[in-house]
Amino acid sequence: MRLHRLTLTAFGPFAGSHTVDFDELSAAGLFLLHGATGAGKTSVLDGVCFALYGGVPGSRQGNRLRSDHAGQDTLTEVVLDLTVGGRRLEITRRPEQPRPKKRGSGWTMEKAVTLLREHTAGQWRALSKSHQEAGEELRQLIGMSREQFCQVVLLPQGEFATFLRATATERAALLGKLFDTRRFKAVEEWLRAERRAAEQRVAAGDGELLRLAERMGQAAGDDPEALAGPLPEGAAAGDPELAAHILRWAAVLATTARERAGIADLAVTAAEGAHEQAQREAEAVRELAVRQRRHAAAARRAHDMAGEREARAREQDLLGTAERAATVAPALELRERAAGRQARTAAEERSARAGLPAGQYEAGAEQLAEYENRLREELGGLADADRDEQRAAELAHDRARVEREAAEDERLTADTAAWLDGWETERLGRERAVDAAQSAATRAAELSGALDRARRRLDAARERDSHATALLAAQDRLRTARDAAADARDHWQDVREARINGMAAELAAQLSPGEGCLVCGATEHPRPARPAARQVGRADEEAAQEAQQRTAGARDAAQEQVVHLAAARDAALAAAGPESAAELAAAHAALEEEYRAAVRSAAGAPEARQALDRALAEHARRTADRGDAESRLASLTTRRELLDREAAELTTRLARARGAHATVAERRARLTADARLAAAAAGSARAAQESARALKEADSDLADAAYKAGFPTPEAAAEALLPETELRRLRQRAEEWRREEAAVTAELTALELAEAAALPPADPDAARRAVETATVRLRGVTARQSAAHTAREALDRLRAEALRGTRALAPAREEYARLRRLADLATGAGENTLRMELETYVLAARLEQVAAAASVRLHRMSSGRYTLVHTDARASRNVKSGLGLMVVDSWTGTERDTATLSGGETFFASLALALGLADVVTDEAGGARLDTLFVDEGFGSLDEQTLDEVLDVLDGLRERDRAVGIVSHVAELRQRVPAQLQVVKGQRGSALRHRTAGER
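Residues numbered from 1 in each chain as written. Predicted model: local features only at pLDDT ≥ 70, side-chain atom pairs only at ≥ 80, totals over all residues. Heavy atoms only, no water.

S.K.: How should I be thinking about the overall build of the chain in this particular structure?
M.R.: A count of helical and extended segments in the chain gives 25 helices and 17 strands. Looking at the chain as a whole, 36% of its 1000 residues qualify as buried. Long-range contacts, defined here as pairs at least 24 residues apart, represent 74% of the contacts in the chain between residues at least 6 apart. Entry remark: accessible area of the chain is about 56,600 Å², with carbon and sulfur atoms responsible for 51%. (Helix = DSSP H or I, 4+ residues; strand = E, 2+ residues; numbered from the N terminus. Buried < 20%, exposed > 50% of the residue type's maximum accessible area, 1.4 Å probe, protein only. Contact = heavy atoms within 4.5 Å. Areas by Shrake-Rupley, 256 points an atom, 1.4 Å probe, with all protein chains shown as cover.)

Right, dumping it as structure tokens:
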């Protein structure tokens, strides 16, 4: 990477725009950046870092980028021109910053800007405007992070002096950032995590085994072996022998449980026999006690029944009298019903006669029937009057209907006449609408063709513009491909020429003393050709030729695409014409709108024709309706006269039929009501006569029934009657007495009860207590048997679970042991005798490379006295090992700590270390070449001789075409380093001044 030009605008202490020409400064290989303290020497380096990474070095992250001296309208900007990875790039960055609003007062925030350009084919070409894309492109080309770049390009001597005196932990922090050993630290953490996870899995498995052991102890109960526990002294979870201890203990518990279960089975068998015997004896005692109680109860009941015979006899007499009276009950009930019916009919007769005329109130049933017949005859005479009255109503309805129809026909005649008066105007309007719609349809057909042609021209114009844009891009690609092909051809020719030039060296490599030369034949070879620094072979030439052919093919493909796109563009141009797509689109839109208007108008043609047809039909209908209405009016006038004559005749007849009533219906209703009253009164009179006769017959039948039942009068029979419920109760009591006497007699005469009564009294309570005692004993031994069997089954099951768990846990134990050994080794424990972590081990290897690279320059700076060596000796008191750094003093032949170096020695040692670190980090980052380096301060601590040696070393970097910038305010350096960049501090901001090697 080589820096060419840096432009700083309103950046740091620089108010305006200032440019650093690194090409001019680097011409001598070594240049000096100096200035007063606070002038802004470091800001130049910050500008380089900001341009490349969008940020300044870590120690100055909090500093403001914008200059406090800059004007409000001047934006902060950094532009860097550099070559990296063989490409010439220009990066422009502007940070986010406030600026005055373009309109009105106040401020607005200007967004950050990043622009990346590349110089190819003699001109600058934009690559990206994205922060992310530009940053990623630069990072890949440089091959280093910002921290690495600031450490190896902007060499901060103070940090390396600190590094020389730092502890191993502090060195590990710096080296870890530079060499990015996070992946090795991640391996350590991963191994630790895996070890912890495996340890947790084993601990979980051991915990499960211990819980199983605890459950075994609970299942075994008070077994002495269970109380002893599964673990010997000193054993615990995590012990590899834990599973074996638990399995042995489980086997002992299971054997003991099986023995106890067998003993419990024998005890249960004996207790069951004793319990069955006690139950049989208790059952026999209970049966004897029952028979004795039955005999005693029968004897007591027989004694009680002897004292109840008199009361039972009285109830038998009462039952006999009530049963005789029950035979008279139907006659009594019949007489009561006859009396009730007679009273009801007499009341009904009185009510029916109340509505009769005074002359008919005392008439008999026959006279009332004759009166009813007379009324019915008068009703029959009103039949014709009903028809006349109905006809009169019909005539009135017809007369009103005729009037309505006449009025409707008169209104229809007037409306039709008014409509027909405007018919000619309506007809002409409808015909004009039909003609307009037909004209619009013709216009729409004409516009359709024009619209199709306009659409084709618009599509062709858009295709023409698309091909033109694609053609421009293709032409750019063609120019790039041509440049690449030319470069590849030149490179191939250079390689070929270099190979031809190197063939002499190839032939010289085959020469041997005394043998003839293949070219000239001489046997002496005083000056054989030597190979160049990099010998070009056939493979290099073939690779260059292949690259030339590949780029030529890409160029031809790009040329073919340009020709194809140009032809397509010309064809589209011929179809579209010279008008722009916007003009054609506007013309197409206008035609389309006119076409749509014509289509909308033409769409009304069928409706307009239908409207005209409907109007013609309406005219014909209304003309016919007017003639029909005039005919109906003449007919209705004649009908009205006939209805009036018939109505006059009906009015005369109805007056005679109505009499004193308003209507015939009113007179009929009166006659009907009177006939109905007469009929009801006659029926009531006949019913009253019949009920009186039935009551007399019921009294005679009741007297005969009472006499036959043995009662002197019907009243005596009625008094002897009992309610049916009482009668059923007496009968039930009599039946119960008979059954009870039979049952008591059977009990007293039963042989088994008599024999039981002759025996001593039984004691069921004593037998029951014996059974309860046997039951309690049986329950106890059964419970102990169940517990023993449950314990045995539980122990067998738990033992099987423990065995399965032990087998399942075995792979986890092996994995844990393997991971523990690996984790200990990676973290500096266990078999790791150096106590060196994996990340430290990798950093130690890098530090060893850095020390070797630094020693080359340190040896020269110190006139061959000092050499840096790395040591991985184990440190004491838990200090990190593997990152020790010693200085070998060849004058004394001793090794000592770098912290013992003097101030000047520390400076050139740290400078050598910085340069060596730059080489190693560059190789680590992919070998990106660093053509520009900066060394920051520390030269004031050197004596004159050492300063010469240090400058010789820095000047020697030019041999590899490197430019080194020294950042220092040491006055002597201004005399020794001709090329200088001075930073001048002022009240309005700092300024830059160049001085090249040829100036005085």
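Moving on from the model shown.
S.K.: I would appreciate a short explanation of the packing of helix 9 (residues 242-306) against helix 19 (residues 724-749) in the present structure.
M.R.: To describe two helices that pack against each other, one gives the angle between their axes and the distance between the axes. Packing of helix 9 against helix 19 leaves a shortest axis separation of 9 Å and a crossing angle of 135°. Looking at the two axes, helix 9 sits oblique to helix 19. In terms of crossing hand, the pair formed by helix 9 and helix 19 is left-handed. Across from Arg 294, His 295, Ala 298, Ala 299, Arg 301, Ala 302 and Met 305 in helix 9, the residues of helix 19 making contact are Glu 740, Glu 741, Val 744, Glu 747 and Leu 748. Class assignment of the residues belonging to the contact of helix 9 with helix 19 gives a composition of six nonpolar, one polar and five charged. (Axes fitted to C-alpha atoms, helices over the stretch in contact; angles between N-to-C directions. Parallel < 35°, antiparallel > 145°, perpendicular 65-115°, else oblique. Left-handed = near helix turned anticlockwise from the far one by under 90°. Nonpolar A, V, L, I, M, F, W, Y, C, P; charged D, E, K, R; others polar.)

S.K.: Even after reading the chapter, I still don't get the pattern of salt bridges, so can you show me in this structure?
M.R.: One side chain can pair with another of opposite charge once the charged atoms of both are near each other. With the rule as written, the count across this model stands at 28 salt bridges. Among the ionic pairs, Arg 117 bridges to Glu 90, the shortest N-O distance being 2.7 Å. In this pair, Arg 117 sits in strand 8 (residues 113-120) while Glu 90 sits in strand 5 (residues 87-94), placing the two residues 27 residues apart along the sequence. Members of the salt-bridge network, linked through shared partners, are Arg 87, Glu 118, Arg 125 and Glu 137. (Salt bridge = Lys/Arg side-chain N within 4 Å of Asp/Glu carboxyl O.)

S.K.: Would you take a moment to explain helix 10 (residues 309-353) for this structure?
M.R.: Think of an α-helix as turning once every 3.6 residues; residues three or four places apart then point the same way. With 45 residues, helix 10 should reach 66 Å at 1.5 Å per residue; the first-to-last C-alpha distance of 66 Å fits that figure. In helix 10, a bend of some 40° at Val 328 exceeds every other bend along the element, and Pro 330, a proline, comes one to four places later. Residues of helix 10 that are buried make contact with helix 9, helix 11 (365-380), helix 17 (664-708), helix 18 (714-720) and helix 19. (Expected span 1.5 Å × (residues − 1). Bend = angle between axes of the 7 residues up to and from the residue.)

S.K.: What exactly am I supposed to notice about the nonpolar core here?
M.R.: Across soluble globular proteins, nonpolar side chains show a tendency to be buried alongside one another. Leu 6 and Leu 80 are the most contacted members of the largest nonpolar core, which totals 38 residues. Per-element tally for this core: the top contributor is helix 2 (residues 41-53), with six residues. Not counting chain neighbours up to four residues away, the residues in contact with Leu 80 comprise Leu 3, Arg 5, Leu 6, Val 48, Ala 51, Leu 52, Leu 89, Glu 90 and Ile 91. Within the second largest apolar cluster, 31 residues are counted, among which are Leu 847, Ala 912, Leu 913 and Leu 933. (Core = buried A, V, L, I, M, F, W, Y, C linked by side-chain atoms within 4.5 Å.)

S.K.: Would you mind going over the sheet that holds strand 4 (residues 77-84) with me for this structure?
M.R.: Whether parallel or antiparallel, the strands of a sheet pair through hydrogen bonds between backbone atoms. Strand order in the open sheet made by the six strands is 2-1-4-5-8-9, with antiparallel pairing throughout. Either end of the sheet is taken by a strand with one partner, and the two such strands are strand 2 (14-21) and strand 9 (123-128). Neighbour-to-neighbour, the strand axes of this sheet turn through a mean angle of 20°, independent of strand direction. Of the strand pairs in this sheet, strand 8 and strand 9 are connected by five bridges, and their pairing is antiparallel. When the bridges of strand 9 are listed, Leu 116 appears paired with Ser 128. (Pairing = 2+ DSSP bridges.)

S.K.: Just checking my understanding: could you explain the sheet that holds strand 11 (residues 866-871) for this structure?
M.R.: Judged by pairing direction, the sheet is antiparallel, and its three strands sit side by side in the order 11-12-13 without closing on themselves. Both outer strands of the open sheet, strand 11 and strand 13 (894-897), are each paired with one neighbouring strand and no more. Taking the axes of each pair of neighbouring strands and ignoring which way they run, one obtains an average angle of 35° across the sheet.

S.K.: Help me understand helix 2 in this model?
M.R.: For helix 2, built from 13 residues, the straight-helix expectation of 18 Å at 1.5 Å per residue is met to within 8% by its first-to-last C-alpha distance of 19 Å. Buried residues of helix 2: Lys 41, Ser 43, Val 44, Leu 45, Asp 46, Gly 47, Val 48, Cys 49, Phe 50, Ala 51 and Leu 52, and no others. Gly 54 lies just past helix 2 and shows a positive phi near 75°.

S.K.: Help me out: how do you make sense of the packing of aromatic side chains in this one?
M.R.: Following the criterion strictly, the structure yields two aromatic pairs and no others. Residues Phe 11 and Phe 50 carry aromatic rings whose centres are separated by 6.1 Å and whose planes lie at 35° to one another, so their mutual orientation is tilted. One end of the pair, Phe 11, is in strand 1 (residues 2-11); the other, Phe 50, is in helix 2, and 39 residues separate them in sequence. An identical accessibility class is assigned to Phe 11 and Phe 50; each is buried. With centroids separated by 6.3 Å and ring planes inclined at 55°, the aromatic side chains of Phe 22 and Phe 31 adopt a geometry described as tilted. By relative accessible area, Phe 22 is classed as buried at 1%. (Phe/Tyr/Trp six-rings, centres within 6.5 Å; stacked < 30°, edge-to-face > 60°.)

S.K.: Just checking my understanding: could you explain the packing of helix 10 against helix 17 for this structure?
M.R.: Taken N-terminus to C-terminus, the directions of helix 10 and helix 17 make an angle of 160°; their axes are 8 Å apart at the nearest point. Accordingly, the angle class assigned to the pair helix 10 and helix 17 is roughly antiparallel. Classified by chirality, the crossing of helix 17 by helix 10 is left-handed. Here the contact of helix 10 with helix 17 is built from residues that sort into 19 nonpolar, four polar and eight charged.

S.K.: What am I meant to see in the side chain of Glu 90 here?
M.R.: Glu 90 sits in the buried class, given a relative accessible area of 14%. Among the polar contacts made by the side chain of Glu 90, one reaches the side chain of Arg 117 at a distance of 2.7 Å. Those residues in contact with Glu 90, other than ones at most four positions away along the chain, are Val 79, Leu 80, Asp 81, Leu 115, Leu 116, Arg 117 and Trp 124. (Polar contact = N/O pair within 3.5 Å; in protein donor to acceptor, adjacent residues only side chain to side chain.)

S.K.: What am I meant to see in the pairing of strand 7 (residues 107-110) here?
M.R.: On a regular strand, each side chain points to the face opposite its neighbour's, so the side chains alternate between the two faces of the sheet. Across four bridges, strand 6 (residues 97-100) lies against strand 7 in antiparallel orientation. If you follow Pro 100 over to strand 7, its bridge partner there is Trp 107. Hairpin remark: strand 6 followed by strand 7, antiparallel, with six residues in the connecting loop; positive phi at Gly 104, about 80°.

S.K.: What is the right way to read unusual backbone geometry from this model?
M.R.: Most peptide bonds are trans, and most residues other than glycine sit at a negative phi. Even without glycine at this site, Ala 10 takes up a positive phi of about 50°. For Ala 10, the location among the structural elements is in strand 1. Non-glycine residue Ala 121 carries a positive phi angle of around 55°. With respect to the helices, strands and loops of the structure, Ala 121 is situated in the loop between strand 8 and strand 9.

S.K.: Please clarify how the pairing of strand 13 should be interpreted in this entry.
M.R.: Here strand 12 (residues 884-889) runs beside strand 13; their pairing, made up of four bridges, is antiparallel. In the strand pairing of strand 13, Val 888 is matched with Glu 895. Hairpin remark: strand 12 followed by strand 13, antiparallel, with four residues in the connecting loop; positive phi at Gly 893, about 70°.

S.K.: Could you clarify how one ought to interpret the environment of Ala 369 in this entry?
M.R.: If you trace the backbone, Ala 369 turns up in helix 11. Given the relative accessible area of 26%, Ala 369 is considered partly exposed. C-alpha of Ala 369 to C-alpha of Gly 683: the two residues are 314 residues apart in sequence and 9.0 Å apart in space.

S.K.: Sorry if this is basic, but what is going on with the side chain of Arg 99 here?
M.R.: Note that Arg 99 resides in strand 6. Separated by 2.4 Å, the side chains of Arg 99 and Glu 110 make a polar contact.

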